[in-house]
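For reference, the chains in residue letters:
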Amino acid sequence: MNFKLQLVFISIFAVILLVIINEYNVHQLNNQNIVGETMITTADEASYFSPARNFLKNGVWKDSQIGKSAYFTRTPGYGSIYMFCELLYPSNPYKILKIIQISLYFLQIYVLGLLIYIITGNKKRTLIFLFILSILPCFSGFVYYTLSESVGTSFFIFSIYFSRQCVFNIKQNILKASFFWAITIMVRPQLLLPAVFVCLYLFFSHKKAKYKVIIAVSFLPLLAWQVRNTIVAGKYPGFHPIYHETNQSLFRKPHALLTDYFRIIEYRGEVFHFVAYQSAYGGNEGIERSLDKIDPKYRADYREVLINYQAAMLSAQKVGDKIQNFTVEEKNFIQYSELKLYELQHKYELEYFVLTPWRSFKYLFFSSNMNLNIYQAALKDNIFIIFIKYLCCVLNLLGLFSGIILLFLKIGPFWKFFIVSVLFSIIYLVYIQRFNEERYLYPFLPFLYLFTILLIEKKPLLLWKNKRSKGLV
């Protein structure tokens, strides 16, 4: 049978398995968190899709919150895909969106097969590796969710595939690589770091000016978006602009500072979100409830912080929807934090520099990414499901260590650039961001798996005679 046809069959099998599992999961949810009778909604959905709905109604791309952040909370990539679905089938755009996301997953599996073949140079091993990937649920957990990871991962994979093809045939692949990188970073700007690393490699590894221009064009949509945001805000609002002084919501400067306070001692996003809301608007009881979530040894320091934070947030709430700048209490909290943050970071140095990043790392890599409700409820105690969860965790860790080891082996510069970009992205998640959800690792999981395959092909450990394959050069 034709090899590419075999890849298609495995991709079809992966989609059938995906649909069976996810439809069963949707059925088990019994309309809880289900939107359009077909997809799983999320807290982030409004910030992705309401700008598209408002644009169709009044020609302005903004969500429904009050404040200038409404114009640029999210890049418009995923929202634009939803808008296309709304135009195509306005009575239930989610049905079209689900078809698109499943179709992208099909293409994702197929392209991963091509990437694996580039690495192995062996059809039989490629099919085995791809089949394993296609049946493991950690690689498909968000396809039915209204999240940018669901489509961003697919575009990320397409970008890497065509970028890798540029190494040997830039003429036929550079436009495709540039096109998919542009989409990837507009859908999921958190993938900008791999985009920059890979595109820099392509930029400097080819001498023709036209190729350099095409590569640079990948970043024009994001640059245009940043310019537009700066014009709207009156100043550069930052790369991830959820905060602004005109916002009538939690997302003001004191909330950003509270995030920095809790990055010292906490890694669980759900704990921080609880504290941020309760301590802002829950009065004295809210502060006490918040302190209950904090380790007793930190409570004295953080009680003072939360009292000042509450005063700042309540002062902004009193001004209401006409607020245009920081209140006096907010300015006091900002000034207070200039010294207090530094003090706590050094008082709890071990937590800040070591323990909290380590706990954030464990949270990401000791999570199976088997996020569907059926795995957390109906099938939670199933021995087979427990085994698969552990297997997914082991594969994720193995992929990470494989990537690190590969940096010290003789492999092609493309892979080294890409591996470094993935490792730096992970460092950013665990050391800078710290508050993570397991889905933040989701776009990188297929590539961690590929790193393991790369290592196997480089050092076969007596599994088979290693023939020099295309992917190692």
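These figures come from a predicted structure and were not determined experimentally.

**Notes on the packing of aromatic side chains**
Turning to step 1, where the next piece is worked out: Enumeration over the complete set of coordinates arrives at 41 aromatic pairs.
Turning to step 2, where the next piece is worked out: Measuring from centroid to centroid gives 5.0 Å for Phe-3 and Tyr-117, while their planes differ by 50°, and the two rings are tilted. Of this pair, Phe-3 sits in helix α1 (residues 3-29) while Tyr-117 is found in helix α4 (residues 93-120), placing the two residues 114 residues apart along the sequence.
Turning to step 3, where the next piece is worked out: By relative accessible area, Phe-3 is classed as buried at 10%.
Turning to step 4, where the next piece is worked out: Judged by its relative accessible area of 21%, Tyr-117 falls in the partly exposed class.
Turning to step 5, where the next piece is worked out: Clustering of aromatic rings is evident, with ring pairs tying together Phe-155, Phe-158, Tyr-161, Phe-162, Phe-179 and Phe-180.
Turning to step 6, where the next piece is worked out: Positioned above the aromatic ring of Tyr-431 is the side chain of Arg-434, whose terminal nitrogen or guanidinium carbon lies 5.0 Å from the ring centre.

**Structural notes on the side chain of Ser-337**
Turning to step 1, where the next piece is worked out: The residue Ser-337 is located in helix α15 (residues 328-347) in this model.
Turning to step 2, where the next piece is worked out: Taking the relative accessible area as the measure of exposure, Ser-337 reaches 3% and is therefore buried.
Turning to step 3, where the next piece is worked out: For Ser-337, the contacting residues outside a window of four places in its chain are Leu-257 and Tyr-261.

**Focus on a nonpolar patch on the surface**
Turning to step 1, where the next piece is worked out: Taken together, Leu-193, Leu-350, Phe-353, Val-354, Phe-424, Ile-427, Tyr-428, Tyr-431 and Ile-432 make up a surface patch of nonpolar side chains, about 820 Å² in accessible area.
Turning to step 2, where the next piece is worked out: Element by element, the count of residues in the nonpolar patch is highest for helix α19 (residues 413-433), at five residues.
Turning to step 3, where the next piece is worked out: Turning to its location among the elements, Tyr-428 is positioned in helix α19.
Turning to step 4, where the next piece is worked out: We classify Tyr-428 as partly exposed; its relative accessible area is 43%.

**With respect to helix α14 (residues 299-319)**
Turning to step 1, where the next piece is worked out: If you check α14, its first and last C-alpha atoms are 30 Å apart, about what 21 residues at 1.5 Å a residue would give, namely 30 Å.
Turning to step 2, where the next piece is worked out: Elements in contact with the buried residues of α14: α11 (253-262), α12 (269-281), α13 (283-292) and α15.
Turning to step 3, where the next piece is worked out: One or two steps after α14, the chain reaches Gly-320, where phi turns positive at roughly 85°.

**A closer look at the packing of helix α7 (residues 170-187) against helix α9 (residues 209-217)**
Turning to step 1, where the next piece is worked out: Close contact between α7 and α9 brings their axes to 8 Å; oriented N to C, the two are set at 20°. What the angle tells us is that α7 and α9 run roughly parallel. The element α7 and its partner α9 pack so that their crossing is left-handed. Seen from α7, the contacting residues are Ile-170, Lys-171, Ile-174, Leu-175 and Ser-178; seen from α9, they are Tyr-211, Ile-214, Ile-215 and Val-217.
Turning to step 2, where the next piece is worked out: Considered class by class, the residues forming the contact of α7 with α9 number seven nonpolar, one polar and one charged.

**Some remarks on the side chain of Asn-396**
Turning to step 1, where the next piece is worked out: Position of Asn-396 relative to the elements: it lies in helix α18 (residues 383-406).
Turning to step 2, where the next piece is worked out: A residue is classified by how much of its surface remains accessible, and Asn-396, at 1% relative accessible area, is buried.
Turning to step 3, where the next piece is worked out: Those residues in contact with Asn-396 that lie beyond four places of it in its chain are Phe-365, Ser-367, Leu-445 and Leu-448.

**Observations concerning the pattern of salt bridges**
Turning to step 1, where the next piece is worked out: Evaluated as defined, the whole model comprises 17 salt bridges.
Turning to step 2, where the next piece is worked out: Measuring nitrogen to oxygen at the nearest pair gives 3.3 Å for the salt bridge that ties Glu-245 to Lys-235. Taken as a pair, Glu-245 in the loop between α10 (220-233) and α11 and Lys-235 in the loop between α10 and α11 lie far apart in primary sequence, 10 residues in all.
Turning to step 3, where the next piece is worked out: Given the relative accessible area of 45%, Lys-235 is considered partly exposed.
Turning to step 4, where the next piece is worked out: In this structure, the salt-bridge partner of Glu-343 is Lys-340, at a minimum N-O distance of 3.3 Å. Taken together, the positions of Glu-343 and Lys-340, both in helix α15 and three residues apart, correspond to about one turn of that helix.
Turning to step 5, where the next piece is worked out: The class of Glu-343 is partly exposed, set by a relative accessible area of 37%.

**Structural notes on unusual backbone geometry**
Turning to step 1, where the next piece is worked out: Positioned with a positive phi, Asn-30 is a non-glycine residue whose angle comes to about 55°.
Turning to step 2, where the next piece is worked out: On the secondary structure map, Asn-30 appears in the loop between α1 and β1 (34-35).
Turning to step 3, where the next piece is worked out: Here Asn-30 falls in the exposed class, since its relative accessible area comes to 62%.
Turning to step 4, where the next piece is worked out: The phi dihedral of Asn-33 falls on the positive side, at around 65°, and the residue is not glycine.
Turning to step 5, where the next piece is worked out: Within the secondary structure, Asn-33 sits in the loop between α1 and β1.

**What to know about the packing of α4 against helix α20 (residues 445-458)**
Turning to step 1, where the next piece is worked out: Running from N to C, α4 and α20 cross one another at 20°; their axes reach a closest spacing of 9 Å. Overall, the two elements α4 and α20 adopt an arrangement that is roughly parallel. Judged by the sense of rotation from one axis to the other, the crossing of α4 with α20 is right-handed. Here Leu-112, Leu-115, Ile-116, Ile-119 and Thr-120 of α4 lie close against α20, whose contacting residues are Pro-446, Phe-447, Leu-450, Ile-453, Leu-454 and Glu-457.
Turning to step 2, where the next piece is worked out: In the contact of α4 with α20, the residues fall into nine nonpolar, one polar and one charged.

**Overview of α1**
Turning to step 1, where the next piece is worked out: If you check α1, its first and last C-alpha atoms are 39 Å apart, about what 27 residues at 1.5 Å a residue would give, namely 39 Å.
Turning to step 2, where the next piece is worked out: Where α1 is concerned, the buried positions are Phe-3, Leu-7, Ile-10, Ser-11, Ala-14, Val-15, Leu-18, Asn-22, Asn-25, Val-26 and Leu-29.
Turning to step 3, where the next piece is worked out: Where α1 is buried, its residues touch β1, β2 (39-40), α4, α5 (123-135) and α17 (373-376).
Turning to step 4, where the next piece is worked out: Structurally, the start of α1 carries an N-cap: the backbone nitrogen of Lys-4 is 2.9 Å from a side-chain oxygen of Asn-2.
Turning to step 5, where the next piece is worked out: Note on α1: the residue one or two positions beyond its end, Asn-30, has a positive phi of about 55°.

**Some points on the environment of Leu-455**
Turning to step 1, where the next piece is worked out: With respect to the element layout, Leu-455 can be found in helix α20.
Turning to step 2, where the next piece is worked out: Separated by 58 residues in sequence, Leu-455 and Leu-397 have C-alpha atoms that sit 14 Å apart.

**A few points about the environment of Phe-387**
Turning to step 1, where the next piece is worked out: On the secondary structure map, Phe-387 appears in helix α18.
Turning to step 2, where the next piece is worked out: Here Phe-387 falls in the exposed class, since its relative accessible area comes to 51%.
Turning to step 3, where the next piece is worked out: Sequence separation of Phe-387 and Gly-36 is 351 residues, and the distance between their C-alpha atoms is 33 Å.

Rules and cut-offs
Counting from 1, residues in each chain are numbered in the order their sequence is written. For this predicted model, a pLDDT threshold of at least 70 governs which residues receive local features, and a threshold of 80 or more governs which side-chain atom pairs are given and counted, while totals over whole chains, interfaces and linings are taken from all residues. To obtain the side-chain values, all non-hydrogen atoms of the structure were included, while hydrogens and water were left out. Note on ring pairs: Phe, Tyr and Trp rings are taken, using the six-membered ring of Trp, and paired if centres are within 6.5 Å. Classes follow the plane angle, with under 30 degrees stacked, over 60 edge-to-face and the rest tilted. Working definition: helices are DSSP H or I runs of at least four residues, strands are E runs of at least two. Numbering for both runs from the N terminus. Burial here depends on accessible area, computed with a 1.4 Å probe over protein chains only, as a share of the maximum for the residue type. Under 20% is buried, over 50% is exposed, and the range in between is partly exposed. Charge-over-ring contacts are defined here by two conditions on Lys NZ or Arg CZ: a distance within 6 Å of the ring centre and an angle within 35 degrees of the ring normal. Contacts were defined at the residue level, with two residues in contact if any of their heavy atoms lie within 4.5 Å. What makes a patch is a set of residues exposed beyond 30% relative accessible area and free of salt bridges, joined within 9 Å when like-charged and within 5 Å when nonpolar (Val, Leu, Ile, Met, Phe, Trp, Tyr). Note on areas: Shrake-Rupley with a 1.4 Å probe; residue coverage comes only from the protein chains shown. Any Lys or Arg side-chain nitrogen found within 4 Å of a carboxyl oxygen on Asp or Glu counts as a salt bridge. By definition here, a helix of n residues has an expected span of 1.5 Å times n minus one. Axis geometry follows a simple rule: fit a line to the C-alpha atoms, using only the stretch in contact for helices, then measure angles between N-to-C directions, giving values from 0 to 180 degrees. Small angles under 35 degrees read as roughly parallel and large ones over 145 as roughly antiparallel, with 65 to 115 read as roughly perpendicular and the rest as oblique. Helix crossings are classified by the rotation of the near helix relative to the far one: an anticlockwise turn of less than a right angle makes the crossing left-handed, while a clockwise turn makes it right-handed. Charged residues are taken to be Asp, Glu, Lys and Arg, nonpolar residues to be Ala, Val, Leu, Ile, Met, Phe, Trp, Tyr, Cys and Pro, and polar residues to be all remaining types, Gly included. Residues adjacent in sequence count toward polar contacts only when both atoms are side-chain atoms; beyond that, a polar contact is any pair of N or O atoms within 3.5 Å, and within protein one must be able to donate a hydrogen and the other to accept it.

Functional significance is not addressed by these values, which are geometric in nature.
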